[in-house]
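Structural overview for review
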Amino acid sequence: MNSTAPSPDAPSARFAAIITAAGRGTRAGGGMPKQWRALSGQSVLARSIAAFRGCERVIVTLHPDDMARGAAEIAGPVTLVAGGQTRSESVRAALEVLEGSGITHVLIHDGARPLVPTEVIGGVMAALEAGAPAAAPALAVTDTLWQGEDGRVTGSTPREGLYRAQTPQGFRLAEILAAHRTHPDGASDDVGLAIAAGIPVTITPGDEDNLKLTWAADFPRAQRILQGNDMDIRLGNGFDVHAFCEGDHLWLCGVRIAHDKGLLGHSDADVGMHALTDAIYGALAQGDIGRHFPPSDPQWKGAASHIFLAHAAELARKMGYRFGNADVTLICERPKIGPHAQAMQARLAQIMDVDADRISVKATTSERLGFTGREEGIASIATVTLIKDQAA
């Protein structure tokens, strides 16, 4: 048996990936083979291929009937190989393509595992680069294993030393190709064939997210994993203050309120909307209102603040974000905000083009302390949550 310790002058490992996708996969439903079904805007197969973009070569095995589709839909430097009647035949056909190419190691991966983490792939490659002739990821079995018949438990099996196999399964190219040639009937997977050929296989860490899509229920689970892994969540806060001035009304969160004073400002001085607008810009790392609507520009003097808020909300959408929620607090002794809070909530939702139940408007006093307590002005703080589903 070959030693697992690499020679000091051994050449660097050169990796290729084989993505197996020649099956029909109809148990997952959807009216088509599972590898072609969409998962957050990309096919399952496209996601599986993308995970191995760091390999020198990528070989994809397809059902003969899918070769034209593969040529049309699979982008990038990928070699397509027509698969055989069995998985083993398909893998061997791909291995034969690599012989003599200079590739030293191969990673064999199920095309129906589109969520394989980079760390799982890296663990297999690291074991091979360290000298292991074969390596594969797995998870230790933690559930009790039963034996059953006719819907009843008939016994149990000890779980000690049992693992749930995953892919990619990695090998020295020459040795796994020889194993396939020696055992043409194959095995349940390439690790089984390697063991039959006497090749020791190192176990590397697997990952619960590296699920194999088999049943219809697996697709919603994969979608949830994608959303959890690829979600970009931003938080922003804003703060604004405006002093009272002579007047008979003021604007707060887009609602005109009769009052014995107005608010002093370059625009309409809507302190609540200004705080909320700055919170959005802050979450986007796009500065504040002054950056987008400079007070030195006379066209914005007396401008309605809904212009600023609508711009910030649209900028968030253009950058790929949706609103989780927005929370605005107005700090003042008077006017009383409670009678107007619902109207403010509806107006802000309309300007931002979001559901009203994602907007909160509330008020508090400063217990007669400070400038707000002395009724010299109004302050507002606002917080927003922005969410981007990266895989969308």
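It should be noted that the structure appears before, not after, this text.
Remember, predicted model here, so these are calculated numbers, not experimental data. Numbering of residues begins from 1 in every chain and follows the order in which that chain's sequence is written. In keeping with the predicted nature of the model, local features appear solely for residues at pLDDT of at least 70, side-chain atom pairs appear and are counted solely at 80 or more, and the whole-chain, interface and lining totals rest on all residues. Computation of side-chain values: all heavy atoms of the structure, hydrogens and water removed.

Considerations on the overall build of the chain
The secondary structure content of the chain amounts to 12 helices and 19 strands. For the radius of gyration, the atom set is restricted to C-alpha positions; the globular benchmark scales as 2.2 Å times the number of residues to the power 0.38. At 31 Å, the chain has a C-alpha radius of gyration far larger than the 21 Å of a compact globule built from 392 residues. Once the C-alpha set of the chain is aligned to its principal axes, its extents read approximately 95 × 55 × 45 Å. In this description, accessible areas are obtained by the Shrake-Rupley approach with a 1.4 Å probe, and a residue is regarded as covered only by the protein chains that are shown. As displayed, the chain has an accessible area near 19200 Å², and 52% of this comes from carbon and sulfur atoms. Counting from the N terminus, the helices are the DSSP runs of H or I reaching at least four residues and the strands are the DSSP runs of E reaching at least two.

What to know about the environment of Val354
Assignment of secondary structure puts Val354 in the loop between helix H11 (341-352) and strand E18 (359-364). Using a 1.4 Å probe on the protein chains alone, a residue whose accessible area is under 20% of its type maximum counts as buried, one over 50% counts as exposed, and one in between counts as partly exposed. Residue Val354 is classed as buried on the basis of its relative accessible area of 18%. Sequence separation of Val354 and Asn325 is 29 residues, and the distance between their C-alpha atoms is 9.1 Å.

Topic: the environment of Met344
Structurally, the position occupied by Met344 is in helix H11. The exposure class of Met344 is buried, given its relative accessible area of 0%. It is 50 Å that separates the C-alpha atoms of Met344 and Ile74, two residues lying 270 residues apart in sequence. Ignoring anything within four residues of it in the chain, the contact list for Met344 reads Leu252, Cys253, Val255, Ile257, Leu330, Ile337 and Val361. Contacts are residue-level and defined by heavy atoms, with any inter-residue pair within 4.5 Å sufficient.

Focus: the pairing of strand E6 (residues 105-110)
Extensive coverage of E6 is indicated by the burial of six of its six residues. For two strands to be treated as a pair, DSSP must find no fewer than two bridges joining them. Judged from the six bridges that link them, strand E1 (residues 15-21) and E6 form a sheet pairing that is parallel. Opposite Thr20, over in E6, you have Asp110 as the bridge partner. Pairing geometry for E6 and strand E11 (residues 169-172), over four bridges, is antiparallel. Looking at the pairing, Leu107 lines up with Gly170 of E11.

Focus: the side chain of His274
Tracing the backbone through its elements, the reader meets His274 in helix H8 (residues 271-283). Apart from the residues lying within four places of it in its own chain, the contact partners of His274 are Asp240, His242, Ser267, Asp268, Ala269, Ile289, Ser305 and Phe308.

Examining unusual backbone geometry
Here the residue pair Thr167 and Pro168 is connected by a cis peptide bond, since its omega of 15 degrees sits within 30 degrees of zero. Within the element layout of this structure, Pro168 appears in the loop between strand E10 (163-165) and E11. The amide bond that connects Arg334 to the next residue, Pro335, takes the cis arrangement and shows omega of 0 degrees. Note on placement: Pro335 falls in the loop between strand E17 (322-331) and H11. Even without glycine at this site, Cys253 takes up a positive phi of about 50 degrees. Looking at the element boundaries, Cys253 is found in the loop between strand E14 (249-252) and strand E15 (255-258). At Ala285, a position not held by glycine, the phi torsion is positive, near 60 degrees. Tracing the chain through its elements places Ala285 in the loop between H8 and helix H9 (289-292). For Ala285, a relative accessible area of 58% translates into the label exposed.

A look at the packing of aromatic side chains
Aromatic rings from Phe, Tyr and Trp, taking only the six-membered ring of Trp, are treated as a pair when their centres fall within 6.5 Å; an angle between ring planes under 30 degrees marks them as stacked, one over 60 as edge-to-face, and anything in between as tilted. Under the defined criterion, the tally for this structure stands at three aromatic pairs. Each ring, one from Phe293 and one from Trp300, has its centre 4.8 Å from the other, and the planes form 90 degrees; the classification is edge-to-face. Of the residues examined, Trp300 reaches a relative accessible area of 16% and is grouped as buried. Judged by centre distance (6.4 Å) and plane angle (75 degrees), the rings of Trp300 and Phe308 are edge-to-face. Three or more aromatic residues joined by ring pairs make a cluster, and in this case those are Phe293, Trp300 and Phe308. In this scheme, the term charge over a ring applies when either NZ of a lysine or CZ of an arginine sits within 6 Å of the ring centre and within 35 degrees of the ring normal. The positively charged end of Arg37 is found above the aromatic ring belonging to Phe219, 3.7 Å away from the centroid.

Focus on the nonpolar core
If you look at the biggest cluster of nonpolar residues, it comprises 46 residues, and the most contacted ones within it are Leu252, Leu276, Ile280, Met344, Leu348 and Met352. Only E14, E15, H8, helix H10 (306-318), E17, H11, E18 and strand E19 (377-389) provide two or more residues apiece to this core. Setting aside residues up to four positions removed in sequence, Met352 forms contacts with Leu276, Ile280, Leu309, Ala313, Arg317, Phe323, Ala326 and Ile359. Nonpolar core, defined: a set of buried Ala, Val, Leu, Ile, Met, Phe, Trp, Tyr and Cys residues in which side-chain atoms within 4.5 Å join the residues together.

All we've got here are geometric facts, nothing functional implied.
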